[in-house]
Amino acid sequence: MAKKHIIGIDLGGTNLKIALLDRSCRIIHKHTQPTDILASKEMLITAIADAITRILSLYNLTRSGIMGVGLGLPGPIDFDRGIVHFFPNIPGWKDVPLQKILEKRTAIPVAVDNDANVMALAEFTLGAAKGARNAVCLTLGTGVGGGLILDGRLFRGSSYAAGEIGHIPVNEKGPACNCGGIACLESYIGNRRIAQKVKAVFGKDIPLEEVSAMAHRGNRKALAIWESVAVHLGVGLTAVVNLLNPDCIVIGGGVAGAGSILFNKVTETILLRAMLVHARTVRVVKAKLGNDAGMIGAGLLVKEKRR
Ligand SMILES: [Zn+2]
């Protein structure tokens, strides 16, 4: 029987999103469930396996009709061996052979990779970087994740850890980062840092969506906050642009919601700072697939692994 379906799973720090996809990785059905209530690694693995079983029975599908299950995961992964090294925001995981464990429990082929790579696969194949040859995909949130498409393929690096754009140092000295580095881009433009700035400027906590809305209404203080985020990001991306000469940079994640205020200044900074040939080649665009990118990309991972 032809394998007509793929299952794509996007695991975050607090939620598990699961989708039944067709062969082209279009979403047929999706479901989100909280995971922060699960106390242990075992409980989380069981929740993943149960979610797979549920979606199969919902559509009356057999395991043999599924091409594979792909998972996008919030931490460093050994793609070829299917091992989770650790999760920065979920305790209890150390060098867990998740691919093997899930294959044993579900009797379906499994592919795992980190969430930024999965997002890059999705935006490159079906989203904002479609048609690009060399694309850099970023997610801006609590952290700054990155995935690289080089010569039309996802580039993983020697230990599957390439693309950590958030941990490019943008200064010689500066704040210490969780990764062990100093003055990483993420320390300047991660959600928490922006929220701190907002509090320092306005004297109270204001949600970042509201700060974006204020900036779009012309509030000068709010505009200045987004401009400084955009300049830091533009400087970090200038390093990437000069190094890789991409034709497309895709930016997604919560912070990208600031929209034109952010994108215009990022583009302007790259045009100003990058080398001429590089600068005139690259376009900076907003991610297209939003919250579905993780599930779709996880599905594409299955197809990539089978090749
Ligand atoms: Zn860092």
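None of these values were measured; they are calculated from a predicted model. (Residues numbered from 1 in each chain as written. Predicted model: local features only at pLDDT ≥ 70, side-chain atom pairs only at ≥ 80, totals over all residues. Heavy atoms only, no water.)

The next subject is the nonpolar core. Trp226, Leu237, Ile251 and Leu262 are the most contacted members of the largest nonpolar core, which has 41 residues in total. Listing elements by their share of this core, those giving two or more residues are β8 (135-140), β9 (144-150), α4 (185-189), α5 (191-202), α6 (208-216), α7 (220-244), β11 (248-252) and α8 (260-273). Looking at which element gives the most residues to this core, the answer is α7, with nine residues. Setting aside chain neighbours within four positions, we find Ile251 in contact with Leu138, Leu140, Leu233, Leu237, Ala256, Phe263, Val266, Val284, Val285, Lys286 and Ala287. Formed by 32 residues, the second largest nonpolar core is a distinct cluster that contains Met67, Val285, Leu289 and Ala293. (Core = buried A, V, L, I, M, F, W, Y, C linked by side-chain atoms within 4.5 Å. Buried < 20%, exposed > 50% of the residue type's maximum accessible area, 1.4 Å probe, protein only. Helix = DSSP H or I, 4+ residues; strand = E, 2+ residues; numbered from the N terminus. Contact = heavy atoms within 4.5 Å.)

A few words now on the coordination of the zinc ion. Distances from the zinc ion to its protein donors, His167 (ND1), Cys177 (SG), Cys179 (SG) and Cys184 (SG), fall at 2.0 to 2.4 Å. Coordination geometry of the zinc ion: the four donor atoms subtend angles of 105 to 121° at the metal centre, consistent with an arrangement described as tetrahedral. Of note, the zinc ion draws all its donor residues from one chain, in the sequence arrangement H-x9-C-x1-C-x4-C. Taking the relative accessible area as the measure of exposure, Cys184 reaches 2% and is therefore buried. (Donors = N, O, S within 2.8 Å, 3.2 Å for Na, K, Ca; no water. Tetrahedral: all angles 85-135°; square planar, octahedral: opposite > 155°, others 65-115°.)

Here we take up the domain arrangement of the protein. Per the domain assignment, the segments of the protein are domain 1 (5-118 + 292-306) and domain 2 (131-287). The gap between the C-alpha centroids of domain 1 and domain 2 is 27 Å. At the junction of the two partners, domain 1 supplies 10 residues and domain 2 supplies seven residues. On the domain 1 side of the contact with domain 2, Ala116, Asn117 and Glu304 bury the most area, a combined 55% of that side's loss. Across the domain 1-domain 2 interface, the total number found is two salt bridges. Inspection of the domain 1/domain 2 interface yields three residue pairs in polar contact (both at pLDDT 80 or more). Broken down by secondary-structure element, the contributors of at least two residues to the side of domain 1 that touches domain 2 are β5 (77-78), β7 (110-114), α3 (115-126) and α10 (293-306). Counted by class, the side of domain 1 that touches domain 2 contains four nonpolar, two polar and four charged residues. (Domains from an automatic or database assignment. Buried area = accessible area lost by both parts, 1.4 Å probe. Salt bridge = Lys/Arg side-chain N within 4 Å of Asp/Glu carboxyl O. Polar contact = N/O pair within 3.5 Å; in protein donor to acceptor, adjacent residues only side chain to side chain. Nonpolar A, V, L, I, M, F, W, Y, C, P; charged D, E, K, R; others polar.)

With that settled, the discussion passes to the packing of helix α1 (residues 41-58) against helix α2 (residues 98-106). Two numbers describe how α1 lies on α2: the axes approach to 10 Å, and their chain directions differ by 50°. Overall, the two elements α1 and α2 adopt an arrangement that is oblique. The interaxial crossing formed by α1 with α2 has right-handed handedness. Packed against α1, whose contacting residues are Glu42, Ile45, Thr46, Ile48, Ala49 and Ile52, the element α2 presents Leu98, Ile101, Leu102, Arg105 and Thr106 at the interface. (Axes fitted to C-alpha atoms, helices over the stretch in contact; angles between N-to-C directions. Parallel < 35°, antiparallel > 145°, perpendicular 65-115°, else oblique. Left-handed = near helix turned anticlockwise from the far one by under 90°.)

The next thing to look at is a nonpolar patch on the surface. Taken together, Ile28, Leu58 and Tyr59 make up a surface patch of nonpolar side chains, about 270 Å² in accessible area. Along the chain, Ile28 turns up in strand β3 (residues 27-34). (Patch = residues over 30% accessible without salt bridge, like charges linked within 9 Å, V, L, I, M, F, W, Y side chains within 5 Å. Areas by Shrake-Rupley, 256 points an atom, 1.4 Å probe, with all protein chains shown as cover.)

Let us look at α2. Every buried residue of α2 is listed here: Leu98, Gln99, Leu102 and Thr106. Summarising the axial view, the buried residues of α2 lie within an arc of 100°, below the 170-degree limit, and thus occupy one face. Across α2 from its buried face, at more than 90 degrees, point the exposed residues Lys100 and Lys104. Where α2 is buried, its residues meet α1, β4 (66-73), β6 (83-84), β7 and α10. Note on α2: the residue one or two positions beyond its end, Ala107, has a positive phi of about 60°. (Arc of directions from axis to C-beta.)

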